[in-house]
There are 2 protein chains.
Amino acid sequence: MAAPEIDALTQALARLPGLGPRSARRAVLHLLKRRETALVPLIAALTTVEARLATCSNCGNVDTRDPCAVCTDPRRDQTSLCVVEEVADLWALDRARLFPGRYHVLGGRLSALDGVRPEDLSIDALVGRVAGGGIDEVVLAMNVTLEGQTTMHFIADRLSSLPVRVTQLAHGMPVGGELDYLDEGTLAQALRARRPVQ
Amino acid sequence: MAAPEIDALTQALARLPGLGPRSARRAVLHLLKRRETALVPLIAALTTVEARLATCSNCGNVDTRDPCAVCTDPRRDQTSLCVVEEVADLWALDRARLFPGRYHVLGGRLSALDGVRPEDLSIDALVGRVAGGGIDEVVLAMNVTLEGQTTMHFIADRLSSLPVRVTQLAHGMPVGGELDYLDEGTLAQALRARRPVQ
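Residues numbered from 1 in each chain as written. Chains lettered and ligands numbered in written order. Predicted model: local features only at pLDDT ≥ 70, side-chain atom pairs only at ≥ 80, totals over all residues. Heavy atoms only, no water.

Would you take a moment to explain the relation of the copies chain A and chain B for this structure?
Of the two same-sequence chains, chain A is brought onto chain B (RMSD 0.1 Å, axial shift 0.0 Å) by a rotation of 179 degrees. In the structure described here, the two chain copies are related by an operation that fits a two-fold rotation axis. Taking C-alpha positions as reference, the residue of chain A nearest the rotation axis is Ile43 of chain A, located at 3.1 Å. Residue by residue, 100% of the interface of chain A is reproduced at the interface of chain B, so both copies engage with the same surface. (Least-squares fit on C-alpha atoms with pLDDT ≥ 70 in both. Contact = heavy atoms within 4.5 Å.)

Would you mind going over the sheet that holds strand 5 (residues 137–140) of chain B with me for this structure?
In a beta sheet, neighbouring strands pair by backbone hydrogen bonds and run either parallel or antiparallel. Residues and elements named next belong to chain B. A sheet is described by the order of its strands in space; here four strands give the open sequence 4-3-5-6, paired in parallel fashion. On the outer flanks of this sheet lie strand 4 (102–105) and strand 6 (165–168), each paired with one strand and no other. Each adjacent strand pair in this sheet contributes to an overall mean axis angle of 25 degrees, direction not counted. In this structure, strand 3 (residues 80–84) lies alongside strand 5, joined through four bridges in parallel fashion. (Pairing = 2+ DSSP bridges. Helix = DSSP H or I, 4+ residues; strand = E, 2+ residues; numbered from the N terminus. Axes fitted to C-alpha atoms, helices over the stretch in contact; angles between N-to-C directions.)

For this particular structure, what's the right way to read the environment of Pro41 of chain A?
Locating Pro41 of chain A in the fold gives a position in helix 3 (residues 35–52). The residues contacting Pro41 of chain A, other than those within four sequence positions of it, are Arg35 and Glu36 of chain A.

Got a minute to help me understand the state of the cysteines in this structure?
Note: disulfide means a covalent bond formed between the sulfur atoms of two cysteine side chains. Per the stated rule, a full pass over the model turns up zero disulfides over all chains. Summary of cysteine pairing: Cys56 of chain A is not part of a disulfide, and the nearest cysteine sulfur, belonging to Cys59 of chain A, is at 3.8 Å. (Disulfide = S-S within 2.5 Å.)

Even after reading the chapter, I still don't get the pattern of salt bridges, so can you show me in this structure?
A side chain with one charge may pair with a side chain of the opposite charge, provided their charged atoms come close. Counted according to the given criterion, the structure contains 24 salt bridges over all chains. Put simply, Arg52 of chain A and Glu5 of chain B hold a salt bridge, and the shortest N to O gap is 2.5 Å. Of this pair, Arg52 of chain A sits in helix 3 while Glu5 of chain B sits in helix 1 (residues 4–14), each in a different chain. For Arg52 of chain A, a relative accessible area of 43% gives the class partly exposed. The exposure class assigned to Glu5 of chain B is buried, which follows from its relative accessible area of 17%. (Salt bridge = Lys/Arg side-chain N within 4 Å of Asp/Glu carboxyl O. Buried < 20%, exposed > 50% of the residue type's maximum accessible area, 1.4 Å probe, protein only.)

Please explain the domain arrangement of chain A as it appears in this structure.
Interfaces are often sized by the amount of accessible area the parts lose when they come together. Looking at the assigned domains, one finds that chain A contains domain 1 (4–52) and domain 2 (62–196). Computed over C-alpha atoms, the centres of domain 1 of chain A and domain 2 of chain A are 34 Å apart. (Domains from an automatic or database assignment.)

In this structure, what is going on with the environment of Leu32 of chain B? I would like to understand it.
Within the element layout of this structure, Leu32 of chain B appears in helix 2 (residues 21–33). For the pair Leu32 of chain B and Gly101 of chain B, spaced 69 residues apart in sequence, the C-alpha separation works out to 44 Å. Excluding anything up to four places from it in sequence, Leu32 of chain B contacts Val49, Leu53, Val62 and Trp91 of chain A together with Ile6 of chain B.

Can you walk me through the side chain of Asp94 of chain A in this structure?
Checked against the element boundaries, Asp94 of chain A lands in helix 5 (residues 87–95). Separated by 2.8 Å, the side chains of Asp94 of chain A and Tyr103 of chain A make a polar contact. (Polar contact = N/O pair within 3.5 Å; in protein donor to acceptor, adjacent residues only side chain to side chain.)

Honestly, the interface of chain A and chain B in this entry has me stumped. Any pointers?
Each partner contributes residues to the interface: chain A has 50 residues there, and chain B has 50 residues. The junction of chain A with chain B conceals about 4,900 Å² of combined surface from both sides, 72% of it contributed by carbon and sulfur atoms. Across the chain A-chain B interface, the total number found is six salt bridges. For Glu50 of chain A, the salt bridge identified is with Arg35 of chain B, shortest N-O distance 3.2 Å. Summed over the shared surface of chain A and chain B, the result is nine residue pairs in polar contact (both at pLDDT 80 or more). Looking at the side of chain A that touches chain B, the elements that each hand over two or more residues are helix 1 (4–14), helix 2 (21–33), helix 3, strand 2 (62–63), helix 4 (69–72) and helix 5 of chain A. Top element by residues in the side of chain A that touches chain B is helix 3 of chain A. It accounts for 13 residues. Among the residues forming the side of chain A that touches chain B, the class breakdown is 31 nonpolar, six polar and 13 charged. (Buried area = accessible area lost by both parts, 1.4 Å probe. Nonpolar A, V, L, I, M, F, W, Y, C, P; charged D, E, K, R; others polar.)

How should I be thinking about the nonpolar core in this particular structure?
Note that soluble globular proteins tend to have their nonpolar side chains buried in a common cluster. Core analysis: the biggest nonpolar cluster contains 76 residues, and Leu13 and Leu46 of chain A together with Leu13 and Leu46 of chain B have the highest contact counts within it. Among residues more than four places away in sequence, those in contact with Leu46 of chain B are Leu9, Leu31, Leu39, Leu42, Ile43 and Leu46 of chain A. Within the second largest apolar cluster, 18 residues are counted, among which are Leu126, Val130, Leu140 and Leu162 of chain B. (Core = buried A, V, L, I, M, F, W, Y, C linked by side-chain atoms within 4.5 Å.)

What should I look at first to understand helix 3 of chain A in this one?
Helical geometry note: an α-helix holds 3.6 residues per turn, so side chains three or four residues apart project in the same direction. With 18 residues, helix 3 of chain A extends 24 Å between its outermost C-alpha atoms, agreeing within 8% with the 26 Å of an ideal straight helix rising 1.5 Å per residue. Every buried residue belonging to helix 3 of chain A is among Ala38, Leu39, Leu42, Ile43, Ala45, Leu46, Val49 and Glu50 of chain A, and all of these are buried. Angularly, the buried residues of helix 3 of chain A cover 165 degrees about the axis, an arc narrow enough to put them on a single face. Helix 3 of chain A presents Glu36, Thr37 and Ala51 of chain A as exposed residues on the side facing more than 90 degrees away from its buried surface. In this structure, the buried side of helix 3 of chain A is in contact with helix 2 of chain A together with helix 1, helix 2 and helix 3 (35–52) of chain B. (Expected span 1.5 Å × (residues − 1). Arc of directions from axis to C-beta.)

In this structure, what is going on with the packing of helix 2 of chain A against helix 5 (residues 87–95) of chain B? I would like to understand it.
Contact geometry of helix 2 of chain A with helix 5 of chain B gives a least axis separation of 10 Å together with a crossing angle of 140 degrees. When the axes of helix 2 of chain A and helix 5 of chain B are compared, the pair comes out oblique. For the element pair helix 2 of chain A and helix 5 of chain B, the recorded crossing hand is right-handed. Between helix 2 of chain A, through Arg25, Val28, Leu29 and Leu32 of chain A, and helix 5 of chain B, the contact on the second element is made entirely by Val87, Ala88, Trp91 and Arg95 of chain B. Grouping the constituent residues of the contact of helix 2 of chain A with helix 5 of chain B by class yields six nonpolar, no polar and two charged. (Parallel < 35°, antiparallel > 145°, perpendicular 65-115°, else oblique. Left-handed = near helix turned anticlockwise from the far one by under 90°.)

Laid out in structure tokens, this is it:
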């Protein structure tokens, strides 16, 4: 059937999240049929990223330079820091330009089940950055999962002795959320954090 | 946020079938986190395929050599030919090693709507192959769509003057099919083509 080189490409693509063997095969056929408009540009884009890939030694973001574009942006507020679990979370927040300050990527979350301990995350580096001074507020933007919230409380505890305001994201009804379809946990949070109508 | 090189890669991946902007971003993060185990192998697989990519001048299959591995395989039955619309169809049939002969890829299907005429498909080449002799049977394995079946009848007509048996795939109940869930067309075909219980 297909040559071993084409099979190897299908398998490499099938390992990407969101692609299975079947969609990988379709992607390969798409690339094979469009050598100049799809295959060659994809190789070029991958090669460029591979050659310039760097992890920011300051915040843990993935970029093509170190320190990254976020850390070196002079228009960013240097006094506030948003702590996230993964690079994907940083991108999600920054895509909408929601946070004006800088970030700190932990590289995961504490998990007894997966054996992730505090020393496996960049928590010491975070404490060091904050202890270095110049930061007024640390926003803990962990996922609202058991492990995310455990991580948040652990970090809040580690930062409690430092002269910095430690905040967390609000919990409550998501935009577009309908009471009838929301879980009890969300409803409880939204009720507990209720506030006066403006 | 992300460097322009990373954005360019996300866009290149998002153009693949089965991937949208969101899953492309996840794929990029997956690659960035696994430079040596995912990014580098993927580049290597793509580059190898790009360098060796060839369309078989005999049957239209995509392979890394011309004529392709199917056409040059001496164990294949040289007297039967299976005609399919696309390379993907050839792969689908050959993946399960269902057809012992060789193939002919048309490169599409006749379509008044999309302006695909007989001369846009490799129908003349097919007639030439069959007229060259040595072929006993041509299996027309078109999709069971209006355009696929139109193409099938057109080709059957073109081959009718040649000394060759022209067959088509059986239509009927798919394996696992339940009467209650099948469309009327399939049921009608299955009933019309009924045969004695063995």
